[in-house]
Amino acid sequence: MTTAFYTHPDCKLHDMGAGHPESPARLQAIEDQLIASRIDQLLDYRSAPLAQESDLAQVHGAAMIALIKEHSLALAGKGGRYPLDPDTSINGYSWQAALRAAGMALAATDAVLAGEINNAFCAVRPPGHHATSSAPMGFCLFNNIALAARHALEAHGLERVAIVDFDVHHGNGTEEIFAHDPRVLMVSFFQHPFYPFSGAEAEGGNAVNVPVPAYSDGKIVRQLVTEQWLPALNAHRPQMIFVSAGFDAHREDDMAQMGLVEADYTWLTRQIMEVAAQHAQGRIVSCLEGGYNLSALGRSVVAHMKVLAELE
Ligand SMILES: [Zn+2]
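Below is a summary of the structure that appears in this document.

Basis of the calculations
Residues numbered from 1 in each chain as written. Predicted model: local features only at pLDDT ≥ 70, side-chain atom pairs only at ≥ 80, totals over all residues. Heavy atoms only, no water. Helix = DSSP H or I, 4+ residues; strand = E, 2+ residues; numbered from the N terminus. Rg over C-alpha atoms; globule rule 2.2 N^0.38 Å. Buried < 20%, exposed > 50% of the residue type's maximum accessible area, 1.4 Å probe, protein only. Contact = heavy atoms within 4.5 Å. Areas by Shrake-Rupley, 256 points an atom, 1.4 Å probe, with all protein chains shown as cover. Lys, Arg positive; Asp, Glu negative; His and termini not counted. Charge placed at Lys NZ, Arg CZ, Asp CG, Glu CD. Expected span 1.5 Å × (residues − 1). 1 Å grid on protein atoms, 1.4 Å probe; cavity = no way out; pocket = protein on both sides within 12 Å on 5 of 7 lines; lining within 4 Å. Points joined across faces, edges and corners; volume = space filled by probe spheres on them. Nonpolar A, V, L, I, M, F, W, Y, C, P; charged D, E, K, R; others polar. Donors = N, O, S within 2.8 Å, 3.2 Å for Na, K, Ca; no water. Tetrahedral: all angles 85-135°; square planar, octahedral: opposite > 155°, others 65-115°. Axes fitted to C-alpha atoms, helices over the stretch in contact; angles between N-to-C directions. Parallel < 35°, antiparallel > 145°, perpendicular 65-115°, else oblique. Left-handed = near helix turned anticlockwise from the far one by under 90°.

## Quick word on the overall build of the protein
Alright, step 1. Helix and strand counts for the protein come out as nine helices and ten strands.
Alright, step 2. On C-alpha atoms alone, the protein measures out to a radius of gyration of 17 Å, which is about the 20 Å that the 2.2 N^0.38 rule sets for 312 residues.
Alright, step 3. When its C-alpha atoms are laid out on the principal axes, the protein stretches across 50 × 40 × 40 Å.
Alright, step 4. Looking at the protein residue by residue over its 312 residues, the buried ones come to 60%.
Alright, step 5. In the protein, the proportion of contacts linking residues at least 24 apart, taken out of those at least 6 apart, comes to 74%.
Alright, step 6. With the model as given, the accessible surface of the protein reaches about 11,600 Å², and the carbon-plus-sulfur share is 51%.
Alright, step 7. Placing the 20 positive and 35 negative side-chain charges of the protein at their respective mean positions leaves the two points 4 Å apart.

Structure, rendered in structure tokens:
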């Protein structure tokens, strides 16, 4: 069993300013916690080339790609930031970081489908699941998991994939990108009502959206996943599973008001592993989305990685 951990220093260069929760320190916290838990030596550390603009164009419109590229490159070597929305900005390194993040998601998909590795976690930022086909938003520039899933369908010819999104926020971008595409099943839960104030009703017939009220804990989430996600996933029989792995539903994360703990991420990852073993030859690519309490984020990623690597 080989589990890859994708990481690259470029992803720490994108910086939205002092005090912004979506910070480079998030990746450092994850790396430190992998070392502290002594599972770093059991993982296959990998990196990847930058994605090409033609890769981005498989999901995103030309105007969106140009907006991010031009404003980021205009700031290169100068400092400063260009605001995209009240919560999201780019600096002179954001274009490179975003291409690297997408490149790692694509390379992880290729490596899993080539049988080089069984599964992979991509410790990437900027995150992606709010990015739609035409607009960045909510800390997200390009939709890494959507790029990876579409790559598996179009470049590798898979017929059915699943996207599992356990970030505390609704993955509105991913849902919009794949709405009405019957090859893709998206399952998610998210605090509701809450940013981005969407998802209460699925856009296409191919998403299982599970809105949950603030202060829901792991017991509630596990029951909803068992009742609503698992039957849909098993009926879809995905040939590969993509995970939008956000850890901001953790009870120590004050970005939101949910009550998950590490044991819940262990349980969730086990459910994903079981569906993957049954239908998808174990093929999983997981990409970091949210998670803003640095300690809880590091511990939760360790819990996720231990199950992916079958160490627990
Ligand atoms: Zn989130």
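## Some details on helix α1 (residues 25-36)
Alright, step 1. An ideal rise of 1.5 Å per residue puts 16 Å on twelve residues; α1 measures up with 16 Å between its terminal C-alpha atoms.
Alright, step 2. Residues R26, L27, A29, I30, E31 and L34 constitute the buried set of α1.
Alright, step 3. Buried residues along α1 sit in contact with β1 (3-6), β2 (44-46), β10 (284-288) and α9 (294-308).
Alright, step 4. Once α1 ends, the next one or two residues include R38, with phi positive near 60°.

## As for the layout of surface pockets
Alright, step 1. The space that makes up the largest pocket amounts to roughly 160 Å³.
Alright, step 2. Taken together, 15 residues form the lining of the largest pocket, with H130, G138, F139, H169 and Y195 sitting closest to its centre.
Alright, step 3. Class assignment of the residues belonging to the lining of the largest pocket gives a composition of seven nonpolar, five polar and three charged.

## What to know about the side chain of Q191
Alright, step 1. Along the chain, Q191 turns up in strand β7 (residues 184-191).
Alright, step 2. In this view, Q191 contacts V168, V212, A214, A256, Q257 and M258; residues no more than four positions away in its chain are not counted.

## Considerations on the coordination of the zinc ion
Alright, step 1. Looking at the metal site, the zinc ion is ligated by D167 (OD), D167 (OD), H169 (ND1) and D248 (OD), spaced 2.0 to 2.7 Å from it.
Alright, step 2. Coordination at the zinc ion is irregular: its four donor atoms span angles of 54 to 153° at the metal.
Alright, step 3. All donor residues of the zinc ion come from one chain, and their arrangement in sequence is D-x1-H-x78-D. Pair noted here: H169 is in the loop between β6 (161-165) and α6 (172-178) and D248 is in the loop between β9 (241-245) and α8 (262-279), with a separation of 79 residues, a long-range link.
Alright, step 4. For H169, a relative accessible area of 7% translates into the label buried.

## Observations regarding the packing of α1 against α9
Alright, step 1. Two elements in contact, α1 and α9, have axes separated by 8 Å at closest approach and are oriented at 50°. Relative to α9, the element α1 is oriented oblique. For α1 against α9, the interelement crossing comes out right-handed. Here α1 contributes A25, R26, A29, I30, Q33 and L34 to the contact with α9, which in turn contributes L294, L297, G298, R299, V301, V302 and M305.

## Digging into the side chain of S300
Alright, step 1. Looking at where S300 falls in the secondary structure, it is placed in helix α9.
Alright, step 2. Here S300 is in contact with F247, H250, E262 and Y265, once residues within four sequence places are set aside.

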